[in-house]
Each structure stands twice: as C-alpha cells, then as structure tokens.
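Notes for the structure review
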Amino acid sequence: MRSCHPGAPAGQSDALPSVQGTLPHFIQEPEDAYIVKSNPIKLRCRATPALQIFFKCNGEWVHQNEHASQEYKDLNTGLKVREVMINVSRQQVEDFHGPEDYWCLCVAWSHLGTSKSRKATVRIAYLRKNFEQDPQGKEVPINGMIVLHCRPPEGVPAAEVEWLKNDELVSSLTDDNLDTRADYNLIINEARLSDSGNYTCLASNIVAKRRSATAAVIVYVNGGWSLWTEWSACSAPCGRGIQKRSRTCTNPAPLNGGAFCEGMSVQKITCNALCPIDGGWDEWSEWTVCSSQCERQRSRECNSPAPRHRGKMCEGNSKATENCTDGLCTQNRKLLHDVKPQNMESSIDVALYSGLGAGIVAVVILVVAVMLYRKNHSDYGVDVIDSSALTGGFQSFNFKTTRQGNPLLLNSSMPPDMTVGRTYSTPLCFHDSADKELFDPLPDIKVKVQSSFMVSLGVAERAEFHTKAPSESYPQDLGCDFCSTVDKRKKGPLTLNGPFNSSREQLRTSGVFGHMGGQLVVPNTGVSLLVPHGAVAENMSWEMYMVINQGEASAQTLEECEILLGPEVTYGPSGLDLFCPVAMTIAHCAEVNAENWNIQLKRKTQDCKWEEVMSAEEESTSCYCLMDSSSCHLLLDQPGSYALVGEPLTQAAVKRLKLAVFGSVESGSMSYSLRVYCVDDTPHAFQGVVAAERSRGGQLLEEPKMLPFRANTFNLQVSIQDVPQFLWSIKPFTTCQEFSFPQVWCSNQQPLHCAFSLERYSPATTQLSCKISVRQVKGHEQILQVYTAVAKGEKELVPFFMQTDCMVTSQTGPKAFKIPLSIRQRICATFDTANSKGKDWQLLAQKLHLDRNLGYFAKQRSPSAVILSLWEARHQETADLDSLASALEEIGKIHSRSSPKEPDEAEPDLNHTQAGGLYGTGQPAAPEGQDCVPEYTG
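Each chain has its residues counted from 1, following the order in which its sequence is written. In keeping with the predicted nature of the model, local features appear solely for residues at pLDDT of at least 70, side-chain atom pairs appear and are counted solely at 80 or more, and the whole-chain, interface and lining totals rest on all residues. Side-chain metrics in this entry use all non-hydrogen atoms of the structure; hydrogen atoms and water are not considered.

Turning our attention to the overall build of the chain. The way it works is that DSSP assigns letters per residue, a run of H or I at least four long becomes a helix, a run of E at least two long becomes a strand, and they are numbered from the N terminus. If you tally the helices and strands in the chain, you get 12 helices and 50 strands. Split into buried and exposed, the 938 residues of the chain put 45% on the buried side. Between two residues, a contact is recorded if the distance between any of their heavy atoms is within 4.5 Å. Across the chain, the fraction of contacts at a sequence separation of at least 24, relative to all contacts at a separation of at least 6, is 72%. Each residue is assigned to one of three classes by its accessible area relative to the maximum for its type, calculated with a 1.4 Å probe on protein chains only: buried under 20%, partly exposed between the two thresholds, exposed over 50%.

Right, dumping it as structure tokens:
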C-alpha cells in the first residue's frame, strides 16, 4: 500500500532531517515510459552519496517492499552509488484518476539533506485503428504537383507516418522530387510517369502499425501533335487539284488515359497546276540564194507557241535543204549526178561490216538464252502433287525433296518425278501445342501447291534459305566470369560424356498470302507468324517464309553476359511490303522479372552482327514486344533475323530447364543405359533431344519436368539413387555427375546430357526402378522417377514420339483467325476514331491488358486492327474469345453509365459484338480491305 514512507522519521513524511555531509546528486533520474499491452515498466534512480532512495508516485510514498535497491562503488570516482528500481503495472495506471498523468519521482537523502528527481510520467500506449483522414486517389498531368493528405489515427505516443508506393517505402532522402515533411502529407513537386502507382500511408508507434486505404495515383500524358509534314504535290497534273499535309498525335503520344489530340490530323487546300503547253512551228523562212554547192536552205523556229510548263518540243526538223539546179550543177567540169563523192565507197563498206557484226552478236545471244532456259527448266524438282494443300479440310498432301539449286518455282506445267522423292501424308489441321513438342522436323523440303498463277523468287535468295546451317559456331566468350570458362574452341555444347551432336538442317515453312492474310507455324517449336487481314494489297500475293536457324550459330557476336532465350527466327522475303505489322511469337525460357533480367530483342545486320532493336521494358514506336510467361509476342515491320537475348542483372535471375530421362537396352549385353538431358525449356530446343533419341531407339521413362536454374554461379548435379543393389550394378564413383555452371547457363538452346550405365546380374531381371535427382547447388531440385521394363521383348517403340501432333504449317483466309472478319471490321470502325465518350482504341487496349507502349499503336493507320492482331497472336493456343467478349461488354457498360447522348449523335452499335457475334458472322461495318488501312483524317 502506498502511504507514509516507512523509512522516514516519525512525524516527517515529506522531509528528512538534515545531517552533516553532502546533498545527494542524481546520476540517473526516472524517465517517461509507456505501458505496452499488459507489460509493466521499470523506473530507475541512481544517486550519490545516498543513504536511502525512495519513490513517490502521485504524491504518495511507494512501500519499501516494492523497491529493489543495490549499492556499489563507482570505479571512476570511488564514491558509493545507490540504485533503486520499482515496477509500475497497467492496473496501477488505470486505477489512478487524477487531474494529470500518472507520475513518479525519486527522493534521496544523505547526512546533509534530501534531493528530489524530475517527475516521470507513465502512460498506457495505444494506436487506434481508423485514420482520421485517408489519402485519396488522383489523376494528374505530367509535371503537375501531387499532394496526398494523411491524418494518422490517434495514439500514445503520437504515431509516426511513412509512405509506401506499391508496398515499397519512399523517402525524400533518396528522391529530391518528394517531400514528406509537411504535416504527414506526401508532396510530389513535379509528377513523372514513374510516379504512377498505389500509395499507402503507414502510421506506427511502439504499439502497432496501421495502413490507410490505398490511393491510386495516375500520371497521364495528354497527346500532342507532331510537326506538319510538307505539302504534297498537287493531285491534278493540270488545272484545279488538292494538296495535303498531315501530322500525328505522337509528340507526345497520349498515355495512361491522357486526352487525344484535338483538331485535324490532315489538312487539305486547293491548288492550280499550270497545264503543259506543247510547242508549235513558225512559218518557214524564204529560201536562201543557191550556193556554189548547188543547195539552198530555209528554217523555222518552235515559237508558235513556245513549249511551256513541261510541254513537248516541236516534232520535225528546224531546217530544210534542197537542190537548186535540178541535178545539172557541175563539179570539176562534170555533171553532179556523174560525180561520186570520194568517201562514198568507204561509207558503204563500213555499213556492210557493221550490219554483219550486229547479226552475229544477235545470233549468239539467242543461242545462249535458249541454253540457259533449257538448263533452268531441267533443274526443276517435282512440281505440284496436290492442289488441296492450302484449301483446308483433312486431305492428304505430298512433300518432295528438291534437287540442288532448285529456284523453287510454283509451276503447274512440270510433271512430277516419282522416282526420287519421298511422300508424306498427314491430316490438315492447324495446331501447335506446347504439350506435344516431341516430333522431329521434316527435312529441308518444299511444299508445292497447284495454282493458276506462278510465284517465283530469285535463285540467290532461294538458295540462302535452303542451305544447311553454317558450320561455324558462335564462341561462348560472353564477357562474364562465369561464361569465360567455357572452351571457346568447341563446336558443340559441352557435356560430361562428350559433345552432343544436334546439328540439323534449318526448320523452314512457307506459304502464299494474299489480301485475306493468314498464319505460318513451325510445328512443335512455339514459333509462329500472323499476317493480318489487309496487310497485303488487294490483287497481290506474297510467298512468305519463316526459318529457325539451327545449331549454335544464333549465339555468335552476342555481347557480355547475354544468352539466347529462344531460337533465332528469320522471316521474309527481304523486299516484303505490307500495310501493317506482322505478329511473330517466339517461345522463351526466362522467368520474366524486370528486376532480375535485361531482355532485349536483337536483329541481325547484313554483316551478320547483332544490333539492338528494343528492350522488353522500354517504350518504342518502331517495334512492340509483349513478354508472357513462356512466349514473346512481337509486332514487326521489317523482315529479317530476330533473336531474344537476356542479360542477368542479379543472381536471382532464373532460366527454365526441361529435364528428361531416356533409356535403352544395349544390344547383345546385360547392360541398360539411362540418359538424362538438361535443355532450355523451349519446344524448339527439346526437339534436338527428340531427334537424337529417336535415332538410337530410346524410350522416354518419365514425363519431362521443369527446373528453375538460377544465375548464382553454382553447378548442376545429376545423381542416380535407390538402384536395387541385389539386381543391378553400377560402376563405382559414377552415381553422381556434374555440369559446371557455364555449361548450363551458356548452353544457348543446345542440349546437355549425361549417361548412367547399369548392368543386370541375371537375365531374369526384367524391371528397373530408381530415381534420378537433378539439383542446382544451393538451388532447386527435381526428381525423375524411373520404373520401366527392360526386356527386349517387352520394349515398345518410343510412344512419346508417335506422330500425333498436327504438322500443317500455314493457313490462309478467315479460318486462320479466331475473330470473324465482320466483327473485326466492326470493332475497328468503332474504336479507331476518338470521341467524347472515351470509347477509342486506348480503352480497347486497356481492357485487353495491352495498355503499355501506346505510342506504337498511335502511329499505326488503324490502332485497333494492330491491337486485335496482337491479341490473336497472344491467344492462338486458347482461342479464348470469351475474354474479348467480356472486354467489349465492360466497355459497353462504361459507355452506358456516361451522360445521355444527343438525339442527333450517332453511336456505333456494339450489342452484336458483345454478345454471340464473336462466334458467328455479321454484316461488315466497313468495306472489305479496310482493316489495316482505313481513311483516318482527324
């Protein structure tokens, strides 16, 4: 009980008797404290010299039993120091109902008298849940000021405030553009695009932390017009015509919902072109006097009128000459008709010999032309076998290997040579599933389709894409420490059991595309090319091809730490002229993360070096790159060779490896071979494994699995476990094998493999069960479970290699697209023109989750058509029209919530598009052929 101090003299509760000595001096006084939850706090006092120290709380002495005291000698001063401590509980503070906070002080006395310490307050700490003011979301223009207000919850002690952006702490110490000192508010002086995000106010004290509601901040960019182009030439060559000039809304392009440029994008003025005036002859002049040569002359000029404004000159001679003596004039006393000029005979000889020479040259040229013509036609391979190959449906079509140097003419007049070719028959479906990527590609063959017209390309260009891949390989010196250890002289990828020879001819596919567009697919590789409707001009067609370059040639001239993340793909021909970009899809093996990877798209130059086209994270108006988890979708304007390369920025960068185990019985022995493959996780890379195992009769023993391989410089270990020791034997010290980190990381789409050789003790052993462990040191691990029959009589041909996948490489016309043509044209007509409702192509891109790098779409003739092409490429596997329908329906709901339209305001009807129209056929909203090239004037 807290009453009179038990150690004070009788009758003195507040004062102690003064005695001889020194007054106490406090070395440590009690400090203010907060009680957190139900934990008591401790108050301490230290004084010297002090005979006694007691606490007094709220005017009352604390009982002596509640004190804990000790006395010790200060080593520095030699004085005795007394220290006293008491506990204060939450219950004591709550039971106190005074006019002020709960307080305590120390009283120390010596022989001379007493001393009092400062008062220390004790309060119960708390922090309420609700903020007095939450920050509110804002939309601000770029370079504008952003002020986010925050009032933290009430608390003791008062809460401190911090700001989070996308759950990461922001600080004015690291960014001069931020100010967090102004009364808990966050001030961004000049808004940048990078300032867009979700902001949260974080209040905290010693009790708890509280998060406010999230405020979404969007920094938008209003569109700005570019400079006007020069005026075009007058449209009429003569008389009244029109001149045009244009500008684009790309300076800057609108971003994050910014307003599109106001005004016209095209201006027209009238012009008057001066009509050309052809020249006309004046009247002939009088004849001159007859000369001594018996001739007279007259002349005229081209001045009636003179030619003007690109008019034609007068036709005919400006001078005329005639004999003026009727042939009776003499020279050297002879009649003129009897005198031959001295050079007449020589002139006749020159003319004769010249005519003979010209005739001989003409005959030689004719003979050479006939011989070349016959030689070229004799070198043609087999022509058309079946005309149904590109007509759709499930029909057979035939492939024929071509002879060396064939320029690949599509000619229906050449008879097929059935003696030198191989025929492949397959159903015509159109599917490239990543789950069935185990089929070896066909050799370098050409599909010839019967047609009423002929398409031919130059011999040199055709030969470029029908030769085998170059024999040289790219050096593996990528400029990093972990890649410099790879032997630069090796041509094949490094393995524990020797180089794995996976050199194959180039994978190639081609097709003829017209105005309706279509799609090219290299089966089982994850590579495809979408040619949009309207990309090719009407009444024209192009034979387009796509080539996957094999071997290690794709990695040559890569810089520093860069590695190939997918195959090198070439599409052409080089002179291709299209109205809108094509959409190319390439599978990759990276775990996409901008903080861990620098992923770039590169293009091969004419001197076979790589140049950067764009980074996957940057904005570009020349190219578009969309990275999905396993594929990269590109919008390209120029044909050429492209590759996706990556540079790891941190050790957390991950590339995916596909693991597979194959087995086969060694002929004439009791041995069984297990082969474990580690290859970049792309369908194309795994085809090398498939081809090798098919040739040696291997059997897939477990479904392939994926292993994340980190850029932490640690090796990859492969070990065999749980082998029945009483049935099988394995050589000592071979149960665990290891790939070095550079071998795996810098494999560049080439397979790595190691082998385990097991031997049966008895021919009666027909089963093998074991586990294969593949793990990266200080990384992930995968287990491949092996359970298989090893007797030759029970072994099956590799079922995983059965040709069950589709091998169609091209489709043309509407059947190549998921979105019906009429619906596509309706969407383009609705969204390509901006309106006050905000229902334009930017909203379409946002709802289809394609709302980055909008500047690229803004420069296109039809942004909506390009957006839909990218959507088609992204969803070619799933055919998910429901997501498109949902996006259009959501846009319709946004429009329905806007203000009512005026009676005379026309509004496109999207009801058909939002409903089942995506799966059927509707009336086109625009003339056919205006998908990629609509007339857009403002």
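Here the narrative resumes, following the displayed structure.
Looking now at the pairing of strand β4 (residues 52–57). With respect to burial, β4 is a largely interior element, five of its six residues being buried. Judged from the six bridges that link them, β4 and strand β8 (residues 102–109) form a sheet pairing that is antiparallel. For I53, the partnering residue across the bridge sits in β8 and is A108. Any two strands between which DSSP finds at least two bridges are classified as paired. Where β4 meets strand β5 (residues 60–61), two bridges bridge the pair, whose relative direction is antiparallel. Among the inter-strand pairings, K56 is bridged to a residue of β5, identified as W61. The hairpin formed by β4 and β5 contains two residues between the paired strands, and N58 there has a positive phi angle of roughly 55°.

Below, the discussion takes up the sheet that holds strand β44 (residues 716–721). Here we have four strands laid out as an open sheet, ordered β46-β44-β48-β49, and antiparallel in their pairing. Each edge of the open sheet is held by one strand with a lone partner, namely β46 (736–739) and β49 (781–789). Strand-to-strand twist across the sheet, computed as the mean angle between neighbouring axes with direction ignored, equals 20°. In this structure, β44 lies alongside β46, joined through four bridges in antiparallel fashion. Pairing of S719 across the sheet is with C736, part of β46. Here the axes come from fitting lines to C-alpha atoms, over the contacting stretch only for helices, and the angles between their N-to-C directions go from 0 to 180 degrees.

This part is about helix α10 (residues 863–874). For α10, spanning 12 residues, the distance from its first C-alpha to its last is 17 Å, which sits close to the expected 16 Å at 1.5 Å a residue. By the criterion of burial, α10 is predominantly enclosed, with 11 of the 12 residues buried. Of all the positions in α10, only P863, S864, A865, V866, I867, L868, S869, L870, W871, E872 and A873 are classed as buried. One less than the number of residues in a helix, times 1.5 Å, gives the span that helix is expected to have.

It is worth spelling out the state of the cysteines at this point. Only a pair of cysteine sulfur atoms within 2.5 Å counts as a disulfide in this structure description. Applying the stated rule across the entire model yields eight disulfides. Disulfide partner of C234: C271, at an S-S distance of 2.0 Å. Between C234 and C271, the S-S torsion sits near 85°, and that sign places the bridge as right-handed. Residue C234 is located in the loop between β21 (215–220) and β22 (239–246), and its partner C271 is located in strand β23 (residues 266–273); the two are separated by 37 residues in the primary sequence. Classification of C271 as buried rests on a relative accessible area of 8%. Just so you know, C736 is unpaired, no disulfide at all, and the nearest cysteine sulfur is the one on C754, 9.2 Å from it. Of the residues examined, C736 reaches a relative accessible area of 42% and is grouped as partly exposed.

So, about the confidence of the model for the chain. Summing up the model confidence of the chain, the mean pLDDT is 76 and the portion of residues at 70 or higher is 72%. Scored below 50 in pLDDT, residues 1–20 makes 39 contacts in the model with residues more than four places away or belonging to other chains. Values of pLDDT, which run from 0 to 100, indicate the predictor's confidence residue by residue. Note on residues 332–342: pLDDT under 50 across the span, and 12 contacts to partners over four residues away in sequence or across chains.

Sheets are built from strands that pair by backbone hydrogen bonding, the pairs being arranged parallel or antiparallel. Pairing in this open sheet of six strands is antiparallel, and the strands run β37-β38-β34-β30-β29-β50 from one edge to the other. Pairing within the sheet leaves two strands with one partner each, and these edge strands are β37 (624–627) and β50 (810–812). Each neighbouring strand pair of the sheet contributes to a mean axis angle of 10°, computed without reference to strand direction. Two elements, strand β29 (residues 518–522) and β50, share three bridges in a ladder whose sense is antiparallel. Bridge pairing links L520 to S810 in β50. Seen against the sheet, α10 touches β30 (527–531), β34 (582–587), β37 and β38 (631–636) and runs at an angle of roughly 150° to β38.

Attention shifts here to the environment of A660. Topologically, A660 is positioned in strand β40 (residues 654–665). Here the alpha-carbon distance between A660 and I772, two residues 112 residues apart in the chain, equals 9.8 Å. Residues in contact with A660, not counting those within four places in the same chain, are R675, V676, Y677, F686, L700, P704 and L784.

Once that is clear, we can look at a nonpolar patch on the surface. On the surface, a nonpolar cluster with roughly 360 Å² of combined accessible area is contributed by I360, V364, V368 and L372. Checked against the element boundaries, V364 lands in helix α2 (residues 344–378). Judged by its relative accessible area of 47%, V364 is partly exposed. Nonpolar side chains (Val, Leu, Ile, Met, Phe, Trp, Tyr) are joined into patches within 5 Å and like charges within 9 Å, using only residues with over 30% relative accessible area and no salt bridge. Only the protein chains shown count as cover for residues, with accessible areas throughout obtained via the Shrake-Rupley method and a probe of 1.4 Å. Any Lys or Arg side-chain nitrogen found within 4 Å of a carboxyl oxygen on Asp or Glu counts as a salt bridge.

Stacked, edge-to-face and tilted labels apply to pairs of Phe, Tyr and Trp rings (six-membered ring for Trp) whose centres lie within 6.5 Å, assigned for plane angles under 30 degrees, over 60, and everything in between, in that order. Tallied over the entire structure, the rule returns 14 aromatic pairs. On the numbers, 6.5 Å between centres and 85° between planes, the contact of F260 with W841 is edge-to-face. Of this pair, F260 sits in the loop between β22 and β23 while W841 sits in helix α8 (residues 841–847), and the two are 581 residues apart along the sequence. Between F662 and Y677, the aromatic rings sit 5.6 Å apart at their centres with planes inclined by 90°, giving edge-to-face as the arrangement. Residue F662 is found in strand β40, and its partner Y677 is found in strand β41 (residues 671–680); the two are separated by 15 residues along the sequence.

Let us now look at the environment of Y856. Locating Y856 in the fold gives a position in helix α9 (residues 854–858). Note on Y856: relative accessible area 0%, which makes it buried. Along the backbone, Y856 and L635 are 221 residues apart, and their C-alpha atoms lie at a distance of 9.6 Å.

Moving on to unusual backbone geometry. Going from T48 to P49, the amide bond is cis rather than trans, its omega being -15°. For P49, the location among the structural elements is in the loop between β3 (41–48) and β4. Omega for the peptide link from V156 to P157 comes to -10°, which places this bond in the cis form. Here P157 shows up in the loop between β14 (155–156) and β15 (160–165). Positive phi values are uncommon outside glycine, yet H849 reaches one of about 60°. Tracing the chain through its elements places H849 in the loop between α8 and α9. The phi torsion at N853 lies on the positive side, around 55°, for a residue other than glycine.

What follows deals with the environment of L576. Mapped onto the fold, L576 is located in the loop between β33 (568–572) and β34. Note: C-alpha distance between L576 and D637 (61 residues apart in sequence) is 9.3 Å. Other than its neighbours up to four places away in sequence, L576 contacts W542, M544, Y571 and P639.

Right, let's talk about the pattern of salt bridges for a bit. Following the criterion strictly, the structure yields 22 salt bridges and no others. The partner of E94 in a salt bridge is R90, with the nearest N and O atoms 2.9 Å apart. On the criterion of helical spacing, the pair formed by E94 and R90 is a turn pair, its members being four residues apart in helix α1 (residues 90–95). Its salt-bridge partner being R123, residue D101 comes within 3.7 Å of it at the nearest N-O pair. With D101 in the loop between α1 and β8 and R123 in strand β10 (residues 120–124), this pair connects stretches of sequence that are 22 residues apart. Residues joined by salt bridges that share partners form a network here, namely D175, R192 and D195.

What follows deals with the nonpolar core. Nonpolar side chains tend to gather and get buried jointly when the protein is soluble and globular. Nonpolar cores are built from buried Ala, Val, Leu, Ile, Met, Phe, Trp, Tyr and Cys residues. Side-chain atoms within 4.5 Å join them into one set. Formed by 71 residues in total, the largest nonpolar core has its most connected members in L674 and I772. Core analysis: the next-biggest nonpolar cluster, separate from the first, contains 41 residues, F260, L848, Y856 and W871 among them.

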